[in-house]
Number of protein chains: 2
Amino acid sequence: MIKRLECLVTTLFNNVLPITEQVNGYMGKISAGRNVFMYPMPVTLLGTLVEGKPDFMALGWITRVNANPPTIGCGVGRHHHSVLGIEMNRTFSINFPSAEMIEKTDYCGLVSGKDADKAALFDVYYGELGTAPMIAECPLSLECRLEITVENPTNNFYIGEIIASYTEEKYLTNHKLDIRKINPLLLTMPDNRYWRVGDYAGDAWDIGKTLKTK
Amino acid sequence: MIKRLECLVTTLFNNVLPITEQVNGYMGKISAGRNVFMYPMPVTLLGTLVEGKPDFMALGWITRVNANPPTIGCGVGRHHHSVLGIEMNRTFSINFPSAEMIEKTDYCGLVSGKDADKAALFDVYYGELGTAPMIAECPLSLECRLEITVENPTNNFYIGEIIASYTEEKYLTNHKLDIRKINPLLLTMPDNRYWRVGDYAGDAWDIGKTLKTK
């Protein structure tokens, strides 16, 4: 069944304005505004070397971009200190902290590398690129070489090739990374809350096979 | 403490090869290969109109890209049927299914719109753009207008402006979207498992304040 929805009201959404506008015409749908973040984002720490000093920034706007070669992309506000390091060295790292690192991770989103030595919180190491600092305490780190910069009005989107990854035996089950052992954090906005990964819900590319005969 | 890691072994990672290569030189770190997916991805359904017919594709490679105007980006394999619709209409939708929709959602990742009428599984509606089909059963849908296409070797990365969003009162708490009511799915690869969002872990931009004096 296909229907056309006349969306009469579009509003900008922020942390203050409640959602009250009714979208006319379709089954009780209402607008959540345009600036919507409400899906679970992975919580990561973006590692850069800025003027010779390692820095780490909390980052939730991240996704895989290309399958082969493997690339990852991240949206970084232009005002961030990290931008200097990415653009100077053309390298960065993506570190996945465990839920046990919640306070240090959140702190990295509260203060700027301009003002604070965030690297002092961690045991920092470098891989083959030499200018992408990584965090030893993180269960998983990706070392990336910048390939493409997409300049957007407020945020640059950096696409980098994954050159190497670093983990430890204790995060594996049957020789594969195990999300329950990595125990990462998720973030929702604008309620600004961290969440853990919850229960197993099913097997992908499998559970839907029951519908294949229909 | 800063150390240099000599990464002697970099391997391609897939579903078959176990992780056995030892990365020399730093605190027991080993390689997880380059093609790493092991973080929780949001499970979405990408809505497109292909040759006049609505189609929905399972999509996990997605992130917010720009803050203002609000844009979202998604990595889509070039071979997918959805590519035709995005490039013809320059519109698409992002739909967030609830965990209750796991079978239909997974099915959308198992079959191609070339061969199956996936829209028949859902109650489909359109918003103001007119060519971005959305799923009424999904707790949240975003209607997007294509702004930028980044062509990568195997996947195009489509950046679209969020023109409108659609939800329902029952997914709100105190006038805000509530992730526990939306109850979305997460995906990890290459173990190919779906997960629910788990327990609340803390407040973002807050729980790290305890470290501010250090």
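Position numbers for residues start from 1 in each chain and track the written sequence from start to end. Labels follow written order: the first chain is A, the first ligand is 1, and so on. Two thresholds apply to this predicted model, a pLDDT of at least 70 for residue-level local features and 80 or more for giving and counting side-chain atom pairs, whereas whole-chain, interface and lining totals are computed over all residues. Hydrogens and waters are ignored; side-chain quantities use all the structure's heavy atoms.

Caption draft 1: Spotlight on the pattern of salt bridges. When a carboxyl oxygen of Asp or Glu is within 4 Å of a side-chain nitrogen of Lys or Arg, the pair counts as a salt bridge. Scanning the entire structure with this criterion turns up 15 salt bridges over all chains. The residue Arg-145 of chain A makes a salt bridge to Glu-161 of chain A at a minimum N-O spacing of 3.7 Å. Placement of the pair is Arg-145 of chain A in strand S11 (residues 140–151) and Glu-161 of chain A in strand S12 (residues 155–166), with a sequence separation of 16 residues. Note that Asp-178 of chain A is salt-bridged to Arg-180 of chain A, the shortest N-O span being 3.3 Å. Each of the salt bridges in this network shares a partner with another, and the network as a whole consists of Arg-34 of chain A together with Arg-145, Glu-147 and Glu-161 of chain B. Only DSSP runs of H or I reaching four residues or more are called helices, and only runs of E reaching two or more are called strands; each is numbered from the N terminus.

Caption draft 2: Broad picture of the relation of the copies chain B and chain A. When chain B is brought onto chain A, the operation consists of a screw motion whose angular component is 180° and whose axial shift is 0.0 Å, with 0.0 Å RMSD remaining. The superposition operator between the copies reduces to a two-fold rotation axis. Within chain B, Gly-198 of chain B has its C-alpha nearest the rotation axis, a separation of 1.7 Å. Here, residues are in contact when the closest pair of their heavy atoms is within 4.5 Å. Comparing contact sets, 100% of the residues at the interface of chain B also lie at the interface in chain A, consistent with an isologous, same-surface contact. Least squares is the method for superposing the copies, and the C-alpha atoms it fits come from residues with pLDDT of at least 70 in both.

Caption draft 3: Structural context of the interface of chain B and chain A. Counting residues at the interface gives 115 residues for chain B and 115 residues for chain A. Note on terms: buried area is the combined drop in 1.4 Å-probe accessible area of two parts once they are placed together, counting the loss on both. Buried surface at the junction of chain B and chain A, both sides included, amounts to about 10,800 Å², of which 63% is carbon and sulfur. Linking chain B to chain A there are four salt bridges. Between Glu-168 of chain B and Lys-29 of chain A there is a salt bridge, with its nearest N and O atoms 3.0 Å apart. What qualifies as a polar contact is a pair of N or O atoms within 3.5 Å, subject to a donor-acceptor requirement within protein and to the restriction that residues adjacent in sequence count only when both atoms come from side chains. Where chain B packs against chain A, one counts 56 residue pairs in polar contact (both at pLDDT 80 or more). Classifying every residue of the side of chain B that touches chain A gives 66 nonpolar, 26 polar and 23 charged. By the convention adopted, Pro, Cys, Tyr, Trp, Phe, Met, Ile, Leu, Val and Ala count as nonpolar, Lys, Arg, Asp and Glu as charged, and the other residues, Gly among them, as polar.

Caption draft 4: Looking closely at empty space enclosed by the protein. For cavity detection a 1 Å grid was placed over the protein atoms alone, and a set of points counts as a cavity when a 1.4 Å probe fits there but cannot get out; an open set counts as a pocket when protein lies on both sides within 12 Å along at least five of seven lines, with lining residues being those that have an atom within 4 Å of a point. Grid points are joined across faces, edges and corners, and a volume is the space filled by probe spheres set on the points. Scanning the entire structure with this criterion turns up one cavity of 30 Å³ or more. In this structure, the largest cavity encloses a volume near 50 Å³. Contributing to the lining of the largest cavity are Tyr-39, Met-41, Pro-42, Gly-60, Ile-62 and Thr-63 of chain A together with Tyr-39, Met-41, Pro-42, Gly-60, Ile-62 and Thr-63 of chain B. Within the residue set of the lining of the largest cavity, elements represented by two or more residues are strand S3 (41–42) and strand S6 (62–66) of chain A together with strand S2 (41–42) and strand S5 (62–66) of chain B. Of the residues in the lining of the largest cavity, the class split is eight nonpolar, four polar and no charged.

Caption draft 5: Structural context of the sheet that holds strand S8 (residues 91–96) of chain A. Residue and element names in this part refer to chain A. A sheet is described by the order of its strands in space; here seven strands give the open sequence S5-S4-S8-S11-S12-S7-S6, paired in antiparallel fashion. Looking along the sheet, the strands with just one partner apiece sit at the ends: strand S5 (53–59) and S6. Pairs of neighbouring strands in the sheet enclose a mean axial angle of 35°, with direction left out of account. Strands were regarded as paired on the criterion that DSSP finds at least two bridges between them. Two strands pair when backbone bridges link them, and S8 and S11 are joined in this way by six bridges, in the antiparallel orientation. Counterpart to Ile-94 in the pairing with S11 is Leu-142. Every axis in this analysis is a line fitted to C-alpha atoms, fitted for helices over the stretch in contact. Angles between the N-to-C directions lie between 0 and 180 degrees. Each of strand S4 (44–50), S5, strand S7 (71–77), S8, S11 and S12 touches helix H1 (residues 82–89); the most contacted strand, S4, lies at about 65° to it.

Caption draft 6: Highlighting helix H2 (residues 102–110) of chain B. Buried residues are those whose accessible area, probed at 1.4 Å on protein chains only, stays under 20% of the maximum for their type, while exposed residues exceed 50% and partly exposed ones sit between those limits. Among the residues making up H2 of chain B, those that are buried are Ile-102, Thr-105, Asp-106, Tyr-107 and Cys-108 of chain B. Residues of H2 of chain B that are buried sit in contact with strand S16 (193–203) of chain A together with strand S3 (44–50), strand S4 (53–59), strand S14 (185–188) and strand S15 (193–203) of chain B.

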